[in-house]
Amino acid sequence: MDAVRTLEGEVRELIRRSGLDPVRDEGAVRRLVREAVSDYDERSMHGGMPVLADLDVASKAVWDSVVGYGPLQQYFDDPHVEEIWVNEPSRVFVARDGIAELTTTLLEHEQVRDLVERMLKSSGRRVDLSSPFVDAVLPDGSRLHVVIPDITREHWFVNIRKFVVKADSMDDLVRLGTLTPQAARFLEASVAAGLNILVAGGTQAGNPTNSQYAPRGPHECARLWECAGVSKSEAPSSDDLGAGVKLEDVHAAVRQSGYPLQLRVEALLSGDYDTQAEWGYADRFSAEMRSIDLVATKYLAKASHGDNLRVRPDLSLIIECKKSDMPYVFFGTSGKTWDSFPEIVGLAHEYVSTSSGGTRSKFLFTPFQVLGLPEMDFVVDAECAITLSRCTRKGKDLVMSGSEAYQSTVMPILSALDHYRKAMRPPSSAYYFRASLAVPLAVIDAPMLRADLDESGQTVLKRVEWQRLMRHEPATGASSRDQGRSAAIDFVHVDYLTTYLDEQLGPFADEFAARCLRHPEELSTGRGYVKDIGANMFGSIEPHLEPRSVSIPVVHEPVDGREAASLTRRLLAAGRERALLAWRQRR
């Protein structure tokens, strides 16, 4: 299983890099899977990697995981399985030839969520706390029903009803035993006579099947069919939707919502970014499931850099879209952005421990600092605000609502960023890493104003298109470093978004990627060396940064024989680590 999981990760990365769509490019993906399995098998012969016991089984497992429905795909492929349901991750049932049985399939909680998201992708539907149950049709015609807590007690409940036997006509229903020949003739005569017909029955009784393949008569358009309580009739001639609601009212509500803006932003990003709409995250305060409008990722390492990059940089945008007729007002500050924006996530170490030949001390720098990014124009020149409000009406007066802007925009973005940070945390055994430049971004379709005080103390307002909101986020911890976290969000007007991406963020992200590719070992190991850090302490150390493969302890006093032996063992261990690293690089 370890070999298959390793192979799955490699295939997913190859699909991303190739820009293939597993649904539309099925043939190309199958060839890629076969080539990846063959290549992995050849590499595993040289040792150091788990061996694949059966290449065909491994190919099927990888295909099911990447393109299909993972461990459940075997039941989709089995023509005798009529129904699949998951009561909890460790209890997966199927109905085979009409008999229910508990399978040996064991899932994980996150696996269930991932499979549901994959199943819902083609339908455009979603499931979250605001919509805790969903019904959808899968591409093969199977019907999916999902219910999540708090409707269920603890686990996600998933039910899939497959179409095992297909009928194309009334004769097929007779042949399959669904109807007797006499009932089929009676139904044909009833349709020909123009009678009203009610088709009803319990679950799996065949109501939709009988309705779909009932005989067609000369008066079929005048018939009213009722199937399991669902009526099919002609569309109403009026746009009255009941309760005094008109179709034009719904159109106006949709236009005023953020949905059209979200689609517009996704369309602007679709050429260069992989986008995921309604990205789910756990709220950091309540732990409730919520969703952010978009997460968009752009891979910054080109194919010319090779496949064995230890650190692979990318740019990730965590986006919330807001549309309003009322202005957003940003209250200016003379301060500058803290050196933690944008944040770099996906590395194993929060700091790079940097030593120098000129001092015995070690200095802790964040990856953002050690790459010299705080000195760049995107960070230094951004116009910053300390807080924001949205104008609202209170009777005839216009008032500021800071809490509304915080609850609807700031809090969701920062909670999604916190969830993204945790999701990107690599396992302790990872050798390859993603250095993801995470940019929290609010795209606004509303007037944006900045408020400053002039020399006389009077408030001055001006129209703006881009503002960086600075915040201090509370935290708890033992050290002073853990007492809080600096955070910032870029607010960009939708009409300025393309300019922001092309002229502001884009060049910064490209330089970030170039510096990551110059220092993969320092970022992946969390250790660096600068020949003379004292001379570069207040300037950029990035051009002088080198890997530090061997960690030499600082010795303040003469050591006795026992301490010398301990020191020798540590140096030998570090040497072995460096040799192993060189061997991996050669491979």
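The coordinates are above.
As a starting point, this report considers the structure included with it. This is a predicted model, so every value here is computed, not measured.

Moving on, we come to the pattern of salt bridges. Applying the stated rule across the entire model yields 19 salt bridges. A salt bridge links K462 to E383; the nearest nitrogen and oxygen atoms lie 2.9 Å apart. Remark: E383 occurs in the loop between helix 12 (377-380) and strand 17 (384-394) and K462 occurs in strand 21 (residues 459-463); sequence separation between them is 79 residues. For K462, a relative accessible area of 37% translates into the label partly exposed. Residue classification places E383 among the partly exposed residues on the basis of a relative accessible area of 30%. Through salt bridges with shared partners, a single network forms among E343, D418, R421 and K422.

The next point concerns the environment of D274. On the secondary structure map, D274 appears in strand 10 (residues 274-282). By relative accessible area, which is 40% here, D274 ends up partly exposed. Considered as a pair, D274 and T297 are 23 residues apart in the sequence and their alpha carbons are 5.1 Å apart. Contacts of D274, omitting those with residues within four sequence positions, involve V295, A296, T297 and Y299.

Here the focus is the nonpolar core. Ranked by size, the top nonpolar core spans 50 residues in total, and within it V265, L317 and Y500 carry the most contacts. Elements with a minimum of two residues in this core: helix 10 (259-269), strand 11 (289-299), strand 12 (311-323), helix 11 (367-370), helix 12, strand 19 (433-445), strand 23 (484-493) and helix 14 (497-518). Top contributing element to this core by residue count: helix 14, with 9 residues. Residues contacting L317, with those up to four places away along its chain left out, are L269, Y273, L294, V295, A296, V439, L441, L501 and L505. The next biggest cluster of nonpolar side chains, apart from the first, holds 28 residues, and it includes I318, A385, A405 and I444.

Here strand 13 (residues 328-332) runs beside strand 17; their pairing, made up of 5 bridges, is antiparallel. Residue pairing in the sheet places G332 in a bridge with A385 of strand 17.

Cut-offs used in this document
- Residues numbered from 1 in each chain as written.
- Predicted model: local features only at pLDDT ≥ 70, side-chain atom pairs only at ≥ 80, totals over all residues.
- Heavy atoms only, no water.
- Salt bridge = Lys/Arg side-chain N within 4 Å of Asp/Glu carboxyl O.
- Helix = DSSP H or I, 4+ residues; strand = E, 2+ residues; numbered from the N terminus.
- Buried < 20%, exposed > 50% of the residue type's maximum accessible area, 1.4 Å probe, protein only.
- Contact = heavy atoms within 4.5 Å.
- Core = buried A, V, L, I, M, F, W, Y, C linked by side-chain atoms within 4.5 Å.
- Pairing = 2+ DSSP bridges.

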